[in-house]
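# Tertiary structure, described
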Amino acid sequence: MIRMSGLVGQLRRGATPLENHFADEFVAGRLDRRGLLRQGARIGMGLPLLGALLGTLDPFAMPTARAQLGNQGGGKPGATIRVACLMPSDAIDPVTVANAGGLVLLAQTGEFLAADGEDLVLRPALATSWTPNADGSIWTFALRPGVKFHNGHVLNADDVVATMDRLTDPKNGSNALSVLRGVLSVGGTKKLDDLTVAFHLDAPNGNFPYYVSSDNYNAIILPADYAGDFEKNFNGTGPFKLDSYTPKVGASFVRNPDYWGQRALPDRTEFSFFADQQPQILALQGKQVDVVVQLAVHGAQGLLNDPDVKLIKLHGASHRQVHMRTDMPKFADKRVRQAIALTLDRPALVTGLFRGLADVGNDSPFAPIYPSTDKSVPQRAKDLARARELLAAAGGGFAATLTTERLQEIPDYAVLLKNACAEIGVKLSLKVEDQSAYYGNAKFGTSDWLDAEIGITDYGHRGVPNVMLSAPLLSTGSWNSSHFRNAAFDRLVGQYVAAIDLQTQRGIAKDIDTLLLDETPVIIAYFFNYITAVSADVTGVRPTAIAQVDLQNAAIG
Amino acid sequence: MGSDGAALAARLARRLALSLLTLVLLSVVVFAGGQLLPGNVGRAILGPLADPAAVAALNHRIGADQPALATYLRWIAHFAAGDMGESYVFRSPVAPFIGRAILNSLKLAGLAFVIVVPLSMAAGIYAALHARRWADQVISLAGLSLTVVPEFVSSILLILVLGVWLRWLPISAATRPGSSALDQLQHLILPAMPLVIVLFGYIARMTRAGTVEALESDYVRTAVLKGLPWRVVILRHVLRNALLPTITVIAAQSSYMIGGLVVVETLFRYQGIGSLILTAARGKDFPMLEAGILAVGAIVVVATLAADILATVLDPRLRSGGSR
C-alpha cells in the first residue's frame with residue numbers, strides 16, 4: 001500500500017490539475033471507485049494514474065468483468081448468437097438513424113471514439129485518450145493507430161473530421177444535430193496530425209467526450225469518402241463485419257479477423273427484426289432467439305419469473321415527464337404545480353408500473369445514476385395535506401385536460417395521475433393519442449406535445465443529463481412543453497454544462513434541483529430500468545442503456 | 001356455342017376495363033388519403049424530437065418535399081411505364097420490397113386455402129347431408145365459434161401450445177434465406193392455422209347452405225327419381241351448385257388473406273404485404289404505400305375475375321348472358 005502510494009505520488013506530480021482534483025476526490029472518499037473511473041475517463045485521465053489509484057493494472061477490466069453474467073468472460077468461442085430486435089424503420093444510414101432497431105445495427109460493425117458502458121464509464125475505443133484545455137472549450141483526442149475498416153482502409157484523422165462535419169452540417173439533416181447543435185458546429189473538428197484531432201466547441205463543455213461516444217449513436221466513425229451507402233456493406237471498424245442484410249427481415253454478422261482489439265468470441269450473430277414486443281418474448285421462450293435486446297416491463301411481466309430467462313437490468317435515465325404549461329392561467333401559479341407533484345406516491349408507481357424495476361425521481365432530470373447528481377437534495381414524497389393547502393392558497397381546484405401518447409405504461413400512468421389529482425380537487429380528463437398525432441409537427445402551435453396545458457412525454461436515456469436540462473427546460477428550448485422561462489435556471493444550466501470538475505458540477509446540480517423543486521415546471525416521478533433478456537445459458541451479453549448490445553464476448557453454455 | 005363464347009369474351013372485356021378503372025380510382029384514393037396522414041417522411045425517420053431544420057433538410061435530400069400532386073402525377077406516369085419508384089424511407093427501389101412481400105403473402109394465403117377449402121367444404125357437405133342431426137349441429141356451432149375468435153387470440157394460443165410448450169413447430173414464419181421449400185412449409189404451418197380457424201366456419205356454412213338448397217331443388221329430386229346413383233347426384237348436381245357461393249366467398253376473402261393479415265404477420269414475424277403497407281402508411285412512404293395497395297388491389301381484381309370465370313363455367317345460366 002505504501003509502495004502504491006509512492007507510485008501514486010510520482011504519477012500525480014506529472015498529472016494535470018484536473019486529474020489531481022479527481023485523485024483528491026477519490027482519496028477523500030467523495031468519489032467511489034466507479035465514480036473515479038467515470039470521471040477519470042471523462043477527462044481522459046492517464047491510465048497509469050487511474051490504475052495506480054485503484055490498485056489495479058487494468059482499471060477498465062473491473063467494470064467490464066462486473067458487467068458479465070455467469071462465467072466472467074470465460075465463455076466458449078464459436079457460438080452463433082441469435083438476437084431479436086425491433087425492426088429498423090428506415091434505411092441503415094449512420095447520419096439519419098433515429099430508431100431503436102437501426103441504432104442496434106449501427107453499433108454491430110461501427111465504433112465510436114469512446115464507448116459508454118452500462119455503468120456510464122467512458123472507455124477508450126477508436127480514441128486512446130482525450131484531454132480538455134483549461135476551460136473545456138477545446139478537446140483533443142488521440143486516435144488509435146493501425147485500426148482498419150472492413151474494406152481495408154486505415155483509420156486516420158481525416159475520417160474523424162469528415163464524420164463529424166457530416167453530422168454537424170445542417171444540410172445533411174442528421175439526427176445527431178439534436179445532440180450536437182450548439183455544442184459542435186461544422187468546421188469545428190480539426191486535424192492536428194494523422195492521429196490527433198481537436199474539437200473546437202461552440203461553448204465550453206465539461207462532458208464533451210460523451211457527445212462523441214456510443215451515447216451519440218449516430219457518431220460511428222466512417223471513412224472520409226463515405227457515400228451514403230452504409231447499408232450495402234456496413235463498413236466500420238468493429239469486431240464483427242456484415243455477412244448479409246435484408247431490409248425488414250434481418251441481418252447477420254461474422255467475426256472480423258482483423259479487429260484491432262480482442263477477437264469476438266461468437267463466430268456469427270444473427271439479428272431478426274420484429275415489429276412488436278410480444279413476438280420477441282414468445283421467440284425467446286420458444287428458444288428461437290437467445291437475446292431480446294430491449295424489453296419494456298409493461299407487457300413482459302411473464303418473463304420476470306421465468307427460470308429459463310435471465311434479465312439484465314440497467315439503471316438508466318429513461319423517464320416520463322409530466323409537463324404543465326407555466327404560461328397558462330391554470331398552471332401559472334407554482335403552488336398548483338407543487339400541489340400536483342405532491343399527490344403522487346412515487347414508490348407505489350415504481351412497484352405498480354414497473355414491478356420495482358425503476359428508480360424514484362425527484363422532478364429533475366438528474367437521475368440517481370448520474371455521478372453529478374447531488375443525493376442530499378430532499379426527495380419529494382406524497383403529502384396530500386400539504387398539497388390541499390397549496391392548492392387552496394392558489395385558488396382551489398379546477399378541471400384540465402391531460403394529453404398524452406399511447407406508449408407502454410404511459411396511459412396507465414395518466415390514469416394514476418388523474419386519480420391522484422382527484423384527491424385534491426383537480427379534475428383531469430384524459431386525451432390519449434397515437435404517437436404521431438401527439439407529437440404532430442413538433443413545432444409550437446401545431447403539436448399537442450408542445451401545446452397541451454398538461455401532458456406526459458417519453459424521454460430516453462442519455463449518458464449525461466445535458467440535453468435533458470436544455471431542450472425541454474431552457475427558455476429557448478425546442479422541446480419546452482411546459483413553456484418554462486426562468487433566467488436563473490438558464491444561467492445555472494450554462495454553468496453546469498461548462499463545468500469540468502465533478503465538485504462544481506454537483507454543486508450546480510444541487511442548485512438546479514432546488515430551483516426545479518420550487519418551480520416544478522415538470523414532474524419526473526421515475527427513471528425506469530433498461531431491460532435485456534437472454535436465455536439462461538447465454539453469457540457475456542453487454543447492453544447499454546441507449547439500447548445498443550455488445551456481443552463481442554457472448555457465448556452459449 | 002359460338003355466340004356463347006363471344007358473349008363471355010365481351011363480358012370479360014367489360015370486367016377487365018372496369019377493374020383497371022377501379023385500380024386507377026384506388027390510386028387516387030390512396031393519394032388523397034395519404035395527404036390526411038399526420039407528419040411527414042423526414043419526421044417519421046428522425047423522430048419527434050428531431051430539429052425541424054434537420055427534418056426539412058432530410059426531406060429535401062430524399063425528395064419528399066416536392067408538391068404532392070406533382071409527385072403523384074410523376075409517380076403514376078412512371079408506374080404505367082413499369083417503374084414503381086423508390087422508397088423515401090428505405091432510399092432504394094420499391095419493386096423488390098413489394099415483390100418479396102406479395103410472394104410471402106401468396107405463400108401464406110395459398111397454404112391456408114389449400115388446408116381450409118377441402119376441409120371446410122367436406123365439413124359443409126357432410127353437415128348438409130346430415131342436416132339438423134348432431135353432426136350438423138357440431139360442425140355449424142364449432143365453425144361459428146371458431147370464426148369469431150380473433151387471430152391475435154388464436155395465434156398466441158397456438159404459439160404458446162405448439163411453439164413454446166410442445167416445441168413441435170417453429171414460431172417464426174420467416175426462414176433463413178435460401179432454405180428449402182419443405183423448411184419454408186414447416187415454418188408456415190403454424191401461421192396458417194389462425195387463418196384456417198377464421199375461415200373454416202364461414203366456408204363450411206356457405207357450403208352447407210348451398211348444398212342444402214341444392215338438395216331441396218327440383219333438379220336433384222328429378223335426378224334421384226330418374227334413378228341416378230346417390231354418388232353421381234351429389235358429385236354432378238349438388239356439389240356443382242353448392243360450389244358457387246363457396247367460390248364467391250373465397251374470392252371475397254382474398255383481399256383479407258393477402259393484405260389484411262397484419263396481426264398474423266406481426267406475431268409470426270412474417271414480412272407480408274399487409275405489414276409493409278401499414279409501415280409505409282405510418283412512415284408516409286408514398287411510393288411504397290401506393291405500390292403496395294395497388295399490388296393488393298390487382299390481386300383482388302384478378303381473384304374476383306377468376307371467381308367470375310369459374311362461376312360462369314360452373315353455371316350455364318351465366319354463360320348464355322342475361323337469360324337468368
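Residues numbered from 1 in each chain as written. Chains lettered and ligands numbered in written order. Predicted model: local features only at pLDDT ≥ 70, side-chain atom pairs only at ≥ 80, totals over all residues.

Here the focus is the overall build of chain B. Within chain B, the regular secondary structure consists of 14 helices and zero strands. Expressed along its principal axes, the backbone C-alpha trace of chain B runs to roughly 85 × 60 × 35 Å. Expressed as a percentage of the 324 residues in chain B, the buried residues total 39%. Taking all contacts inside chain B whose residues are at least 6 apart in sequence as the whole, residues at least 24 apart take part in 71%. (Helix = DSSP H or I, 4+ residues; strand = E, 2+ residues; numbered from the N terminus. Buried ≥ 20, exposed ≤ 12 C-beta atoms within 10 Å, placed from the backbone. Contact = placed C-beta atoms within 7 Å.)

Counting secondary structure elements, chain A contains 21 helices and 24 strands. Its C-alpha radius of gyration of 24 Å places chain A within 12% of the 24 Å reference for a compact globule of 557 residues. Reported as C-alpha extents along the three principal axes, the dimensions of chain A are approximately 70 × 55 × 50 Å. Counting across all 557 residues of chain A, residues that qualify as buried make up 53%. Intrachain contacts of chain A at a sequence separation of at least 6 include 69% that bridge at least 24 residues. (Rg over C-alpha atoms; globule rule 2.2 N^0.38 Å.)

On the side of chain A, 40 residues touch chain B, which itself brings 37 residues to the contact. By residue number, the principal contributor to the side of chain B that touches chain A is helix H3 (residues 52-62) of chain B, which donates seven residues.

Here the focus is the packing of helix H13 (residues 334-342) of chain A against helix H15 (residues 384-393) of chain A. Residue and element names in this part refer to chain A. The contact between H13 and H15 brings their axes to 8 Å, and the two run at 160°. For the element pair H13 / H15, the angle class is roughly antiparallel. In terms of crossing hand, the pair formed by H13 and H15 is left-handed. Contacts between H13 and H15 involve Arg335, Val336, Gln338, Ala339 and Leu342 from the former and Arg386, Ala387, Leu390, Leu391 and Ala393 from the latter. A class-by-class count of the residues in the contact of H13 with H15 yields seven nonpolar, one polar and two charged. (Axes fitted to C-alpha atoms, helices over the stretch in contact; angles between N-to-C directions. Parallel < 35°, antiparallel > 145°, perpendicular 65-115°, else oblique. Left-handed = near helix turned anticlockwise from the far one by under 90°. Nonpolar A, V, L, I, M, F, W, Y, C, P; charged D, E, K, R; others polar.)

On to the environment of Glu389(A), then. Residues and elements named next belong to chain A. Tracing the sequence through the fold places Glu389 in helix H15. For Glu389, a count of 15 C-beta atoms within 10 Å puts it in the partly exposed group. Between the alpha carbons of Glu389 and Arg335 there is a distance of 9.2 Å; along the sequence they are 54 residues apart.

Looking at chain A as a whole, its pLDDT mean stands at 90, while 95% of the residues score no less than 70. A low-confidence stretch, residues 57-72 of chain A stays under pLDDT 50, and its non-local contacts, those more than four residues away or across chains, total 28 contacts. (pLDDT = per-residue confidence, 0-100.)

Now for the sheet that holds strand E5 (residues 138-143) of chain A. Residues and elements named next belong to chain A. Spatial strand order, E4-E5-E7-E6: four strands in an open sheet with antiparallel pairing. This sheet does not close on itself; its edge strands, each paired only once, are strand E4 (127-132) and strand E6 (189-193). When the angles between neighbouring strand axes are averaged without regard to direction, this sheet yields 25°. Pairing of E6 with strand E7 (residues 196-200) involves four bridges; the strand directions are antiparallel. Among the inter-strand pairings, Lys191 is bridged to a residue of E7, identified as Val197. (Pairing = 2+ DSSP bridges.)

Attention shifts here to the sheet that holds strand E11 (residues 291-295) of chain A. Residue and element names in this part refer to chain A. The sheet built from seven strands is open, its strands ordered E8-E9-E10-E1-E11-E20-E12 with mixed pairing. For this open sheet the edge positions go to strand E8 (240-246) and strand E12 (309-314), each flanked by a neighbour on one side alone. The average angle at which neighbouring strand axes cross in this sheet is 20°, direction not considered. Two elements, E8 and strand E9 (residues 250-255), share six bridges in a ladder whose sense is antiparallel. Pairing of Leu242 across the sheet is with Phe253, part of E9. On the sheet, helix H11 (residues 277-285) packs against strand E1 (80-86), strand E10 (268-274), E11, E12 and strand E20 (530-535) and is oriented at approximately 150° with respect to E11.

Turning our eyes to something else, we now look at the environment of Lys241(A). All names here are of chain A. Position of Lys241 among the secondary structure elements: in strand E8. Taking the C-alpha atoms as reference points, Lys241 and Leu295, separated by 54 residues in sequence, lie 26 Å from one another. What Lys241 contacts, discounting residues up to four positions off in sequence, is Thr109, His150, Phe234, Phe253, Val254 and Asn256.

Right, let's get into helix H7 (residues 151-165) of chain B. Spanning 15 residues, H7(B) covers 20 Å between terminal C-alpha atoms, matching the ideal 21 Å at 1.5 Å per step. The largest bend along H7(B) reaches roughly 30° and is located at Ile159(B). All of the buried residues along H7(B) are Glu151(B), Ser155(B), Leu158(B), Ile159(B) and Gly163(B). Next to the buried residues of H7(B) lie H11 of chain A together with helix H8 (181-215) and helix H11 (262-267) of chain B. (Expected span 1.5 Å × (residues − 1). Bend = angle between axes of the 7 residues up to and from the residue.)

All names here are of chain B. In this structure, Leu228 sits in the loop between helix H9 (218-225) and helix H10 (230-259). Taking the number of C-beta atoms within 10 Å as the measure of exposure, Leu228 has 15 and is therefore partly exposed. Each residue touching Leu228, except ones within four places of it in the same chain, is listed here: Ala223 and Val233.

Among soluble globular proteins, nonpolar side chains are generally buried collectively. Ala84(A), Phe112(A) and Val291(A) are the most contacted members of the largest nonpolar core, which totals 255 residues. It is H8(B) that provides the largest number of residues to this core, a total of 17 residues. Excluding residues that lie within four positions of it along the chain, Phe112(A) makes contacts with Ala125(A), Leu126(A), Val212(A), Ser213(A), Ser214(A), Ala219(A), Ile220(A) and Ile221(A). (Core = buried A, V, L, I, M, F, W, Y, C linked by C-beta atoms within 7 Å.)

A few words on the packing of H9(B) against H10(B). Residues and elements named next belong to chain B. Their axes nearest at 10 Å, the elements H9 and H10 cross at an angle of 160°. Between H9 and H10, the angle is such that the two are roughly antiparallel. Here H9 and H10 pass one another in a crossing that is right-handed. Residues Tyr219, Val220, Ala223 and Val224 of H9 form the contact with H10, whose participating residues are Val233, His237 and Val238. When the residues that make up the contact of H9 with H10 are grouped by side-chain class, the tally is six nonpolar, one polar and no charged.

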